[in-house]
Amino acid sequence: MTLCIRASKALATTTTTLSQSLKVRFLFPFSYSLLHTCPASPSEPTATHYKQLIFNTIEKKPWAFCNAKWVSNQFHAVIVDPHLFIQVLNLIREKPRIALRFFRWVDMQPGVRRSELAFSVMLDILVENNLMRSAYWVMERVIITFRMHGIVDVLICGYLNLEVSVKLLDLCLLVCYKNLMVDQCFWIFSKMLRNELLPDVKNCNRILSILRKDKSLVAKFMQVYRLMQEFGINPSVVTYNTMLDFLCKEGEWQQAIELSSEMETRHCFPSDVTFNVLINGLTKNCKLEEAKERIWRMLELGLKVSAYTYNPLICGYLKKGLPAEALSLREEMVEKGAACTVATYNTLMYGLCRWGRVNDAIQLFVDMLKRGMIPDVISYNTLIYGYCRVGNISEAFRLFDELRFQNLVPTVVTYNTLIDGVCRLGNLDLARRLKDTMISQGIFPDVVTYTILVTRCCKLGNLSAANEFFNEMLHKGLEPDRFAHTTHMVGNLKFGDPARALSLQRKW
């Protein structure tokens, strides 16, 4: 691969032709075009002279050009003249590593005049020799360090071999993606398509993944997928998985099912991730039977099921108050070769505790230990929640002690659960002590903590304590949610301070 603008090995002979179409922007200190740079006069050293000088210098001093501290006044003309620099780079392109070494050294010298074209020549040399890691470094320096976004125009406008240009534009997209430059990614993608240069499907997937993280960019997300189809960029399984995940999270489960069918008609074989995304999305949209059908389809296709496949469905059945079906799924997943995880047990234990079946949850906890699995803080929080829910505070505190004995650190959820449990039994003093203890342990109360305290104080008729906790929450800069505001207002109305209640209503 060679630069299309090169009519010969030396660019000096093409200055007249080149000046007709090409203008190069310099980052600093000046901004004028390459066409004003005149060929070297007979008395001045030529690019060929500098080529030989570079090779001779390295032969005599192998460490030459290795870092900015190595100094030589012999290359001043190359440093300050980007046209000459480009000619020299082209002449030493058969030694790509030396070219890169020299390029880096020049780039670090004081007074250097950088141009997008010089960077493009260096990138062309590296891509030609498949030195993509080094090419990434150069591209990152162009885009991130010097913000020379004009290089995109150089690459698009046909100054380089077409295949090289596409590779470098894809590399440019990768640099922007890794540095979370969302707008820049979309701009390069759109500009490539307008010029009939097709980005790699991997880069399209990266753009989709970065756009879907921001709800304000949904329109651009859909536009990228539409443009991929319009310009004939065939979606990969990763593309479909990204789209399915997006549609499921948006509640568009019917479109998600249709898209999964389209995958198979286009001979894009779905992976286990595809089905896991669909099952998770369908479950969250309460389509449990459709989700279960996807598991059967996975098994028909010989795909491996896992805890990621079954856990969402188990959670779905528990939320609907169907613990028997959830437990049955656990047995099925084991039969199909999918190992239960700590998350599987935590999900089952929470569902059982929620429906008052604490003893069954404890049995699962024991089974978990027998299988050599190590419970995490969520496991303990779940059982503490179960015991608090049925009013067995002594067992809840026993588990709290065991949690710390196992060198697990209690979380704000742990303390909130215990505070709620003791408040339900009317023990506000113990609740207050728990709040003070968590603060002393470096765990700071959140809105949930204060909402629990305000709510329980109001229900117990202790308006002064409710006002105290509510004011403390405001003093700590926490914003009460609607539930906290409503409870506090109703408490003031119910227990004798209607003026304060009306004031709270106006503020809300």
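Refer to the preceding data block for the structure.
Peer 1: Go over the packing of helix α6 (residues 116–128) against helix α7 (residues 132–145) with me, naming the residues and quoting the values.
Peer 2: Two elements in contact, α6 and α7, have axes whose closest approach is 8 Å; the angle formed by their N-to-C orientations is 165°. Viewed along their axes, α6 and α7 adopt a mutual orientation that is roughly antiparallel. Between α6 and α7 lies a crossing whose hand is left-handed. Across from F119, M122, L123, L126 and V127 in α6, the residues of α7 making contact are M132, S134, A135, V138, M139 and V142.

Peer 1: Lay out the nonpolar core in plain terms, naming residues and giving numbers.
Peer 2: Membership of the largest hydrophobic core comes to 94 residues, with the highest contact counts inside it found for I54 and F102. Counting residues per element, this core draws most heavily on helix α9 (residues 162–178), at 10 residues. Not counting chain neighbours up to four residues away, the residues in contact with F102 comprise I54, F65, F75, V78, F85, V88 and I92.

Peer 1: Please set out the environment of K336 residue by residue, giving values where relevant.
Peer 2: With respect to the helices and strands, the residue K336 is situated in the loop between α18 (323–335) and α19 (342–354). When the C-alpha positions of K336 and S306 are compared, they lie 8.8 Å apart, and in sequence the two are 30 residues distant. Setting aside anything within four residues of it in sequence, one finds K336 in contact with L299, V305 and Y310.

Peer 1: A description of the pattern of salt bridges should follow, citing residues and the corresponding values.
Peer 2: Where charged atoms from two side chains of opposite charge come close, those side chains can pair. Tallied over the full model, the rule gives 24 salt bridges. Where E128 meets R93, a salt bridge forms, and the shortest distance between an N and an O atom there is 3.5 Å. With E128 in helix α6 and R93 in the loop between α4 (82–91) and α5 (96–107), this residue pair connects regions lying 35 residues apart in the sequence. Classification of E128 by relative accessible area gives partly exposed; the value is 27%.

Peer 1: Can you break down empty space enclosed by the protein residue by residue, with the values?
Peer 2: Taken as a whole and judged by the stated rule, the model has 1 cavity of 30 Å³ or more. Within this model, the largest cavity holds a volume of roughly 50 Å³. Lining the largest cavity are F85, F103, V106, D107, V112, R113, R114, S115, A118 and F119. Counting only elements with at least two residues in the lining of the largest cavity, the list comes to α5 and α6. It is α5 that provides the largest number of residues to the lining of the largest cavity, a total of 3 residues.

Here is what the cut-offs are and how they apply
Residues numbered from 1 in each chain as written. Predicted model: local features only at pLDDT ≥ 70, side-chain atom pairs only at ≥ 80, totals over all residues. Heavy atoms only, no water. Axes fitted to C-alpha atoms, helices over the stretch in contact; angles between N-to-C directions. Helix = DSSP H or I, 4+ residues; strand = E, 2+ residues; numbered from the N terminus. Parallel < 35°, antiparallel > 145°, perpendicular 65-115°, else oblique. Left-handed = near helix turned anticlockwise from the far one by under 90°. Contact = heavy atoms within 4.5 Å. Core = buried A, V, L, I, M, F, W, Y, C linked by side-chain atoms within 4.5 Å. Buried < 20%, exposed > 50% of the residue type's maximum accessible area, 1.4 Å probe, protein only. Salt bridge = Lys/Arg side-chain N within 4 Å of Asp/Glu carboxyl O. 1 Å grid on protein atoms, 1.4 Å probe; cavity = no way out; pocket = protein on both sides within 12 Å on 5 of 7 lines; lining within 4 Å. Points joined across faces, edges and corners; volume = space filled by probe spheres on them.

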